[in-house]
Amino acid sequence: MNVNVAGASSVEYLVIAGGGSGGYDTSGNSGGGGAGGYRYDASFSVSHSVDYTVTVGAGGTAPTSSTTVGADGSNSVFSSITSTGGGGGGTYYNLDGRNGGSGGGGGQHNSSGGSGISGQGNAGAAMSGNGGSGGGGAGAVGGGATQTSGAAGGVGGVGLASSITGSSVYRGGGGGGSSHNGATGTNGAGGNGGGGTG
């Protein structure tokens, strides 16, 4: 899509990419997806006669096969500004979260959280025990699982608040991790700003 800005020399923008999906395993134990990259500027110079490209990135597709790492989100673009899609969450067994605008959380046992991009987001949490860790959010890193038997999943990192639409709204929350042996533990809450529950 292209937009043309009439009668303005600068615009305020908020560009958020698609978030990553969480990892998947039939027993739980998977990391939450990372939030899509978050970029904001209160005054971005524009020209009246120029068409500006706008692309809205989709969220990562949820996996359907057991022991599968989550898919990354797609990039969002405004003019020269690109926000990077969030990283998919890791899963059981020792499968790391993926890097992205914000990184996906690590899966059960010894796995790393994906890294985030400076100025866009934060890392997902690593995992060294039971359960899945939370994905990173625009405003904070993901939270780790409690790591015991029946462990609760880690919470997603919180997003950031913006008043670009007139009132303050949080956006860019990370996804929560799933619990250890899903039927007995509590899945992690998503980060404030649209993060999904594990």
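Structural notes, computed from the coordinates. The structure displayed is predicted, hence computed values, not measured ones.

1. Quick look at the overall build of the protein chain
Secondary structure assignment for the protein chain yields 0 helices and 10 strands. In sequence order, the protein chain lays out its α and β elements as β-β-β-β-β-β-β-β-β-β. Here the C-alpha radius of gyration of the protein chain, 17 Å, is about what a compact globule of 198 residues would show, namely 16 Å. Overall size of the protein chain, expressed as C-alpha extent along the three principal axes, is 60 × 30 × 25 Å. Expressed as a percentage of contacts within the protein chain between residues at least 6 apart in sequence, the contacts between residues at least 24 apart total 49%. With an accessible surface of roughly 8100 Å², the protein chain has 48% of that area assigned to carbon and sulfur atoms.

2. Overview of unusual backbone geometry
In this structure, T67 takes a positive phi of about 60° despite not being glycine. When you line up the elements, T67 lands in the loop between β4 (51–55) and β5 (76–78). Under the relative-accessibility criterion, T67 is labelled partly exposed at 38%. Of note in the backbone geometry, S79 takes a positive phi value of approximately 55° without being a glycine. Position of S79 relative to the elements: it lies in the loop between β5 and β6 (81–83).

3. Observations concerning the environment of T186
Along the polypeptide, T186 turns up in the segment after β10 (169–171). The spacing of T186 and S49 is 137 residues in sequence and 54 Å in space, taken between C-alpha atoms. Leaving out residues up to four positions away in the same chain, T186 has contacts with A151, A152, G153 and S179.

4. Regarding the layout of surface pockets
Roughly 290 Å³ of volume is contained in the largest pocket. For the largest pocket, the lining is made up of 27 residues, of which G22, G32, G176, T197 and G198 are closest to its centre. Of the residues contributing to the lining of the largest pocket, the split by class is 2 nonpolar, 24 polar and 1 charged. If you add up the space inside the second largest pocket, you get close to 160 Å³. Considering the residues around the second largest pocket, the lining is formed by 15 residues, among which L14, V15, I16, V54 and F78 are closest to the centre. Looking at the lining of the second largest pocket, the elements that each hand over two or more residues are β2 (10–16), β4 and β5. Element by element, the count of residues in the lining of the second largest pocket is highest for β2, at 6 residues.

5. Quick word on the packing of aromatic side chains
If you walk through the whole model with that rule in mind, you get 4 aromatic pairs. Here Y13 and F78 contribute two aromatic rings whose centre-to-centre distance is 6.0 Å and whose plane-to-plane angle is 55°, an arrangement assigned as tilted. Taken together, the positions of Y13 in strand β2 and F78 in strand β5 put the pair 65 residues apart, joining distant regions of the chain. Each member of the pair, Y13 as well as F78, is classed as buried. On the basis of an interplanar angle of 40° and a centroid distance of 6.0 Å, the ring pair of Y52 and F78 is categorised as tilted. In this pair, Y52 is assigned in strand β4 and F78 in strand β5, connecting sequence segments 26 residues apart. The buried category is assigned to Y52, whose relative accessible area is 8%.

Definitions and limits used
All chains use their own residue numbering, which begins from 1 and follows the written sequence. A pLDDT threshold of at least 70 governs which residues receive local features in this predicted model, and a stricter bar of 80 or more applies before side-chain atom pairs are shown or counted, although totals over entire chains, interfaces and linings include all residues. Computation of side-chain values covers all heavy atoms of the structure but excludes hydrogens and water. Helix numbering and strand numbering both begin at the N terminus, where a helix is a DSSP run of H or I of at least 4 residues and a strand a DSSP run of E of at least 2. We take the radius of gyration over the C-alpha atoms and set the globule estimate at 2.2 Å times the residue count to the 0.38 power. What makes two residues a contact is simply this: any of their non-hydrogen atoms within 4.5 Å. To be clear on the numbers: accessible area is Shrake-Rupley with a 1.4 Å probe, and residue cover counts the displayed protein chains and nothing else. Throughout, exposure labels follow a simple rule: accessible area from a 1.4 Å probe, protein chains only, divided by the maximum for the residue type, with under 20% read as buried, over 50% as exposed, and the rest as partly exposed. Method remark: on a 1 Å grid restricted to protein atoms, a set of points is classed as a cavity if a 1.4 Å probe fits but cannot get out and as a pocket if it is open with protein on both sides within 12 Å along at least five of seven lines; lining residues have an atom within 4 Å of a point. Grid points are joined across faces, edges and corners, and a volume is the space filled by probe spheres set on the points. The classification used treats Ala, Val, Leu, Ile, Met, Phe, Trp, Tyr, Cys and Pro as nonpolar, Asp, Glu, Lys and Arg as charged, and all other residues, Gly among them, as polar. Within 6.5 Å between ring centres, the rings of Phe, Tyr and Trp (the latter by its six-membered ring) count as paired, and their orientation is classed by plane angle as stacked under 30 degrees, edge-to-face over 60, tilted in between.

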